[in-house]
Amino acid sequence: MSDRNSIQGDDGEAVLDAPADGEIDNTPRGDCVADLPSFDYSVTPDTRLAEVVDELQRRADLPGVILRRGREVRGVLPRAVILEYLSRPFGHELFLPRPASVLLDDLPVLVKRLSADCPIHDAAWHALKRPTDRVFDPLLVESKDVPPRLVDVHTLLLAQSR
């Protein structure tokens, strides 16, 4: 008897192997950041921050949002930074009705861009060498073949520890 079960998606395809006891094993496996679970949630800089916050509330796993116009990435708003700004006095009133780019323009956040073929070990080093308050901001993974994606640093560190 196997100690793992297969969880199937709506189309019947196996999407994840899980231990038989019901605990999900979503530990990433692979050699480069392109092999890790990632997120492609992006909006134009003109999108109201309220729409971004609605999506972040719907999808608790999103580490942030990519602001881009066409193929050009303008920047990344990490979830923690958005929540930090909204928690300030009058944060909701000041930022929710305005375009997401307003927050980006106000931030000293430097996005760490990585190539999709960057080894996991190197990506972890790049993440951890950032200023302490920005260590857990998501990393932007870029490739010629797919749109830019965000990788959560927690996921990256789990992959590196394997």
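What counts as what
Residues numbered from 1 in each chain as written. Predicted model: local features only at pLDDT ≥ 70, side-chain atom pairs only at ≥ 80, totals over all residues. Heavy atoms only, no water. Helix = DSSP H or I, 4+ residues; strand = E, 2+ residues; numbered from the N terminus. Buried < 20%, exposed > 50% of the residue type's maximum accessible area, 1.4 Å probe, protein only. Contact = heavy atoms within 4.5 Å. Areas by Shrake-Rupley, 256 points an atom, 1.4 Å probe, with all protein chains shown as cover. Pairing = 2+ DSSP bridges. Axes fitted to C-alpha atoms, helices over the stretch in contact; angles between N-to-C directions. Salt bridge = Lys/Arg side-chain N within 4 Å of Asp/Glu carboxyl O.

## Description of the overall build of the protein
- Counting its secondary structure elements, the protein contains 6 helices and 8 strands.
- Ordering the α and β elements of the protein from the N terminus gives β-β-β-α-β-β-α-α-α-β-α-β-β-α.
- Split into buried and exposed, the 162 residues of the protein put 42% on the buried side.
- Of all intrachain contacts in the protein linking residues separated by at least 6 positions in sequence, the fraction that spans at least 24 positions is 54%.
- Taken as a whole, the protein presents about 9,800 Å² of accessible surface, with 50% of it coming from carbon and sulfur.

## Quick word on the sheet that holds strand β3 (residues 42–43)
- Read across the open sheet, the 3 strands follow the order β3-β4-β5; overall the sheet is mixed. Each edge of the open sheet carries a strand with a single partner, namely β3 and β5 (72–78).
- Two elements, β3 and strand β4 (residues 64–69), share 2 bridges in a ladder whose sense is parallel. Bridge pairing in β4 places Ser42 opposite Ile66.
- This element, helix α2 (residues 79–86), spans β4 and β5 of the sheet and lies at about 60° to β5.

## Re the pattern of salt bridges
- Here the structure, examined in full by the defined rule, presents 9 salt bridges.
- Arg74 is the partner of Asp105 in a salt bridge, and the nearest nitrogen-oxygen pair spans 2.6 Å. Linking Asp105 in helix α4 (residues 100–106) with Arg74 in strand β5, this pair joins segments that are 31 residues apart in sequence.
- The exposed category is assigned to Asp105, whose relative accessible area is 53%.
- The class for Arg74 is partly exposed, based on a relative accessible area of 41%.
- Across the pair Arg134 and Asp137 runs a salt bridge whose closest N-O atoms are separated by 2.6 Å.

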